[in-house]
Amino acid sequence: MKTIRLQYFAILREKRGQSEESRQTTATCPAELYGELKAAFHFPLTTEQLRVAVNGEFSAMDTPLNEGDEVVYIPPVAGG
Amino acid sequence: MKTIRLQYFAILREKRGQSEESRQTTATCPAELYGELKAAFHFPLTTEQLRVAVNGEFSAMDTPLNEGDEVVYIPPVAGG
Amino acid sequence: MTQESFLLAGKAFDPRDPASSMKNPAAGGFSSFEGWVRNHNEGRDVISLEYEAYPDLANREGNRIIDEAFKKFDIIDTRCVHRTGHLQVGEIAVWVGVTAKHRQDAFRSCRYIIDEVKARVPIWKKEHYADGHSGWVRCEHCEAHVHRH
Amino acid sequence: MTQESFLLAGKAFDPRDPASSMKNPAAGGFSSFEGWVRNHNEGRDVISLEYEAYPDLANREGNRIIDEAFKKFDIIDTRCVHRTGHLQVGEIAVWVGVTAKHRQDAFRSCRYIIDEVKARVPIWKKEHYADGHSGWVRCEHCEAHVHRH
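A short tour of the structure in this document, coming up. This structure is a prediction, so every number in the text was calculated from the model and none was measured.

Let us now look at the packing of helix α2 (residues 55-72) of chain D against helix α3 (residues 103-120) of chain D. Residues and elements named next belong to chain D. Taken N-terminus to C-terminus, the directions of α2 and α3 make an angle of 150°; their axes are 10 Å apart at the nearest point. Classified by the angle between their axes, α2 and α3 sit roughly antiparallel to one another. Pair α2 / α3 crosses with right-handed handedness. Two secondary-structure elements touch here, α2 through Glu61, Ile65, Ile66, Glu68, Ala69 and Lys72 and α3 through Ser109, Tyr112, Ile113, Glu116, Val117 and Arg120. Split by residue class, the contact of α2 with α3 holds six nonpolar, one polar and five charged.

A few words now on the environment of A:Ala60. Take A:Ala60: it is sitting in the loop between β4 (57-59) and β5 (70-74). Setting aside residues no more than four positions away along its own chain, A:Ala60 makes contact with A:Pro30 and A:Val52.

Residue and element names in this part refer to chain B. If you trace the five strands from one edge of the open sheet to the other, you get β2-β1-β5-β3-β4, paired in mixed fashion. Each edge of the open sheet carries a strand with a single partner, namely β2 (20-25) and β4 (57-59). Averaged over all neighbouring strand pairs, the angle between strand axes comes to 35°, with direction disregarded. One ladder, built from three bridges, connects strand β3 (residues 51-54) with β4; its direction is antiparallel. By the bridge assignment, valine 54 is partnered in β4 with glutamate 57. Across the sheet, helix α2 (residues 30-41) is in contact with β1 (2-7), β2, β3 and β5 (70-74); its angle to β2 comes to roughly 110°.

Moving on to the interface of chain D and chain C. At the interface, 34 residues of chain D touch 34 residues of chain C. When chain D packs against chain C, the two sides together hide about 3000 Å² of surface, and 56% of this comes from carbon and sulfur. The shortest N-O distance in the salt bridge between C:Asp115 and D:Arg103 comes to 2.8 Å. Broken down by secondary-structure element, the contributors of at least two residues to the side of chain D that touches chain C are β2 (29-36) and α3 of chain D. When residues in the side of chain D that touches chain C are grouped by element, the largest group, nine residues, is from α3(D).

Let's shift gears to the side chain of C:His128. With respect to the helices, strands and loops of the structure, C:His128 is situated in strand β8 (residues 123-129). Within polar-contact distance, the side chain of C:His128 engages the side chain of C:Glu50 at 2.6 Å.

Superposition record for chain D on chain C: RMSD 0.0 Å, screw rotation 180°, translation along axis 0.0 Å. Accordingly, the operation relating the two chain copies is best matched by a two-fold axis. When C-alpha positions in chain D are compared against the rotation axis, the closest is assigned to D:Ser32, at 2.7 Å. By residue overlap, the copies meet face to face through one surface: 100% of the interface positions of chain D are interface positions in chain C.

This paragraph deals with the interface of chain B and chain D. Across the contact, 26 residues belong to chain B and 30 residues belong to chain D. Taken together, the two surfaces of chain B and chain D that pack against each other cover about 2400 Å², and 56% of this comes from carbon and sulfur. For the pair chain B and chain D, the interface holds four salt bridges. The tally of links from chain B across to chain D stands at 10 residue pairs in polar contact (both at pLDDT 80 or more). At the level of elements, α1 (10-16), β3, β4 and β5 of chain B are the ones that each hand at least two residues to the side of chain B that touches chain D. When residues in the side of chain B that touches chain D are grouped by element, the largest group, five residues, is from α1(B). Here the residues of the side of chain B that touches chain D are counted per class, giving 14 nonpolar, six polar and six charged.

About the criteria used
- Residues numbered from 1 in each chain as written.
- Chains lettered and ligands numbered in written order.
- Predicted model: local features only at pLDDT ≥ 70, side-chain atom pairs only at ≥ 80, totals over all residues.
- Heavy atoms only, no water.
- Axes fitted to C-alpha atoms, helices over the stretch in contact; angles between N-to-C directions.
- Helix = DSSP H or I, 4+ residues; strand = E, 2+ residues; numbered from the N terminus.
- Parallel < 35°, antiparallel > 145°, perpendicular 65-115°, else oblique.
- Left-handed = near helix turned anticlockwise from the far one by under 90°.
- Contact = heavy atoms within 4.5 Å.
- Nonpolar A, V, L, I, M, F, W, Y, C, P; charged D, E, K, R; others polar.
- Pairing = 2+ DSSP bridges.
- Buried area = accessible area lost by both parts, 1.4 Å probe.
- Salt bridge = Lys/Arg side-chain N within 4 Å of Asp/Glu carboxyl O.
- Polar contact = N/O pair within 3.5 Å; in protein donor to acceptor, adjacent residues only side chain to side chain.
- Least-squares fit on C-alpha atoms with pLDDT ≥ 70 in both.

Now the structure itself:
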């Protein structure tokens, strides 16, 4: 069990109903953690449609997660 | 013999020492007229390096000239 | 180039402010682009927009794009400012300015930066439509989750 | 587009003036370019410039280029202003602004207009150098006719 800090943006923030939380999880990577969150909060996107940032940097979906990591899932961007 | 109005710009104006004149000539086209002017005023450009405008529009160097036409020789441009 | 070449702006800004620091006697050309909020998109009437950013990563990725532009093109300076928050039709959503000795590098670099910013920087856009609906742009499932607000 | 889309300006101008009439809620992008007087050219130190135009034909050819841009690209509006007279380093020599629904057309059209204006519009540039000499740019024989002033 480790504690992961999550920030949510855009459609994920709206679906979650809040913009951040700390979560206890046994997930070992962002893909696994997303599976857990998707089931809990009915997120409308799959990991194929997302990128992920761990501790403020784009990372692979199978990056090992460590205690206290900050994870942000990035829906398709649409700036400008 | 016809009367042609001439305007001079840039290096041709400087070489001529004035920006316009009316000139009596027997020249039948802008190329021929330029030969006359080049000899008289030591213009440093050849007709291959110039374009010509007759009555405010780009024209061919062998366009027939008519009484009262306005002729402007266009050195290589360098705007912007 | 400074750390602050890419900036997020929470309020309306005047492009002359970021541009004012870019005057340089060695520069022969200044290319700029402004993205404006349009009154329509994909056949729907748009009345306003919301831009939401992940600020830490947006700043980092925005400045990374500018570093790339300096490597790819012979430019003197560049700035990019992207709005966040609620914008009305006609407001400036994003601004890019580039100075270079020659105009070709200024144009190419300006276009590179805006293209990459739109594709890579974590900023999301929610459109509010005249019919009362709204949706997150490029979120493929949004149509199924459109809601009244 | 109006007859006045291309203008010559005998004095310094603020690009916001021609740009101010281009606001349009259907426009998603505004691309602009400013040509600035550089302090050097082809290895020589430049202290000032003179631009001389053949006004009738410059206006006609400038507006013709803008007509072409409307045919080639999907743009909403465009303006171009070119200076004449004596300019100091850093001054704006030429300005082009283009609005379009999409940024690609705005960029392409802006670049088309500045490229064609520089190549075709009868405007000539005389450079004044730090060493006291001067010369008409692109006049191949100028080197042989450089003079003190």
